Amino acid sequence: MSKVKDFYMRHPLVSNLIIMLVVALGLLWAVLIFLDNWTEHGATAIVPDIKHKTYAEASAILAANNLTIEISDSIYDRKMAPGTVVESWPKAGALVKRGRQVYTTVTAFAPKQVTISMPLTGNVSSRQAVSYLRGIGITDIRIEHVPSEFVDLVVGARYGDTPLSVGSVIPVTSTVTLSVGNGPAIESEFDEEAEGEQEAIDIESIE
């Protein structure tokens, strides 16, 4: 200790620099140890297979493996239940750091919305209207025939009780009803016979 004290007394500037360096190295070592524990450095996890699981199921499975879930994209698929995982990244089986986010693509929780961008009535045939609706994804289309001067032209279109026009926004799962003309109303034979009998009675009464 006396030698150290003598050195310090003879070289105070150098001694202080050495002390500062030792303290700095000690602090750096302490910070590295803290970060190592805080970030779980070296701790890994294997990404489980969550494909075709619901979002809630996938979230629980990932949490059990010290991972978190994040929705990066959604798609609409009639064949799969809403909120079903269709893709994940990193892929199942990948070795990743614990606590990492797994990005998923899920089926949309709500049906896709579509906008009617062309007139469905007027000088539009039933074939044109049906073709357009199917083109934007609407497949549940019902035809009702109504008396009209023009045969096979759409005279009305509705979603439920709501008339459809350009700019209407409806779910792609909607049932759209098209009112299609089938020509002017024709009087039935019963009506014609009744009218003939009435004319006969009128003539007899005049005579």
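Position labels on residues start from 1 in each chain and follow its written sequence. Residue-level local features of this predicted model are given only where pLDDT is at least 70; pairs of side-chain atoms are given and counted only at 80 or more, and the full residue set underlies all totals for whole chains, interfaces and linings. Neither water nor hydrogens contribute to the side-chain values; these are computed over all heavy atoms in the structure.

**Section: the nonpolar core**
The nonpolar core is taken to be a set of buried Ala, Val, Leu, Ile, Met, Phe, Trp, Tyr and Cys residues, with the residues joined through side-chain atoms within 4.5 Å. Whether a residue is buried, partly exposed or exposed follows from its accessible area with a 1.4 Å probe, protein chains only, as a fraction of its type maximum: under 20%, in between, or over 50%, in that order. By size, the foremost hydrophobic cluster in this structure holds 18 residues, and its most contacted members are Leu120, Leu133, Ile138, Ile170, Val176 and Leu178. In DSSP terms, a helix is any run of H or I states spanning at least four residues, a strand is any run of E spanning at least two, and both are numbered starting from the N terminus. Looking at this core, the elements that each hand over two or more residues are helix 4 (126–135), strand 8 (154–159) and strand 11 (175–181). Considering each element in turn, this core owes the most residues, 4 residues, to helix 4. One finds Val47, Ala58, Ile69 and Val102 within the second-largest nonpolar core, a separate group that totals 11 residues.

**Description of the packing of aromatic side chains**
Centre distance and the angle of the planes are the two values used to describe a pair of aromatic rings. Between rings of Phe, Tyr and Trp, where Trp is taken as its six-membered ring, a pair exists when centres lie within 6.5 Å; planes separated by under 30 degrees are stacked, by over 60 edge-to-face, and by other angles tilted. Evaluation of the coordinates by the stated rule reveals 1 aromatic pair. Ring plane angle 80° and centroid distance 6.4 Å describe the contact between tyrosine 55 and phenylalanine 109, whose orientation is recorded as edge-to-face. Note that tyrosine 55 is positioned in helix 3 (residues 55–64) and phenylalanine 109 in the loop between strand 5 (101–107) and strand 6 (113–115), a separation of 54 residues in sequence. Under the relative-accessibility criterion, tyrosine 55 is labelled partly exposed at 28%.

**Details of the environment of lysine 97**
Note on placement: lysine 97 falls in strand 4 (residues 95–97). Taking the relative accessible area as the measure of exposure, lysine 97 reaches 44% and is therefore partly exposed. Separated by 51 residues in sequence, lysine 97 and isoleucine 46 have C-alpha atoms that sit 8.5 Å apart.

**Quick notes on the sheet that holds strand 7 (residues 140–146)**
What links the strands of a sheet is backbone hydrogen bonding, and the strands pair in either a parallel or an antiparallel sense. DSSP bridges decide pairing: two strands pair if at least two such bridges lie between them. Spatially, the 4 strands line up as an open sheet ordered 7-11-8-9, and their pairing is mixed. Of all the strands in the sheet, just strand 7 and strand 9 (162–163) have a single pairing partner and so form its edges. In terms of strand pairing, strand 7 meets strand 11 through 7 bridges, oriented parallel. In the sheet register, glutamate 144 faces strand 11, and the bridge partner there is serine 179. For this analysis, residues touch if any pair of their heavy atoms sits within 4.5 Å. Lines are fitted to the C-alpha atoms to define the axes, a helix being fitted only along its stretch in contact, and any angle between axes, read from their N-to-C directions, falls within 0 to 180 degrees. Against the sheet, helix 4 contacts strand 7, strand 8 and strand 11, and its axis sits at roughly 165° relative to strand 11.

**Some words on the sheet that holds strand 2 (residues 68–75)**
Pairing within the open sheet is mixed, and its 3 strands lie in the order 2-5-3. The sheet is open, and its two borders are formed by strand 2 and strand 3 (85–89), each paired with just one other strand. This sheet shows a mean twist of 25° between the axes of neighbouring strands, independent of strand direction. Judged from the 7 bridges that link them, strand 2 and strand 5 form a sheet pairing that is parallel. Note on strand 5: the bridge partner recorded for isoleucine 69 is valine 102. Those strands touched by helix 3 are strand 2, strand 3 and strand 5, and its axis lies near 150° from that of strand 2.

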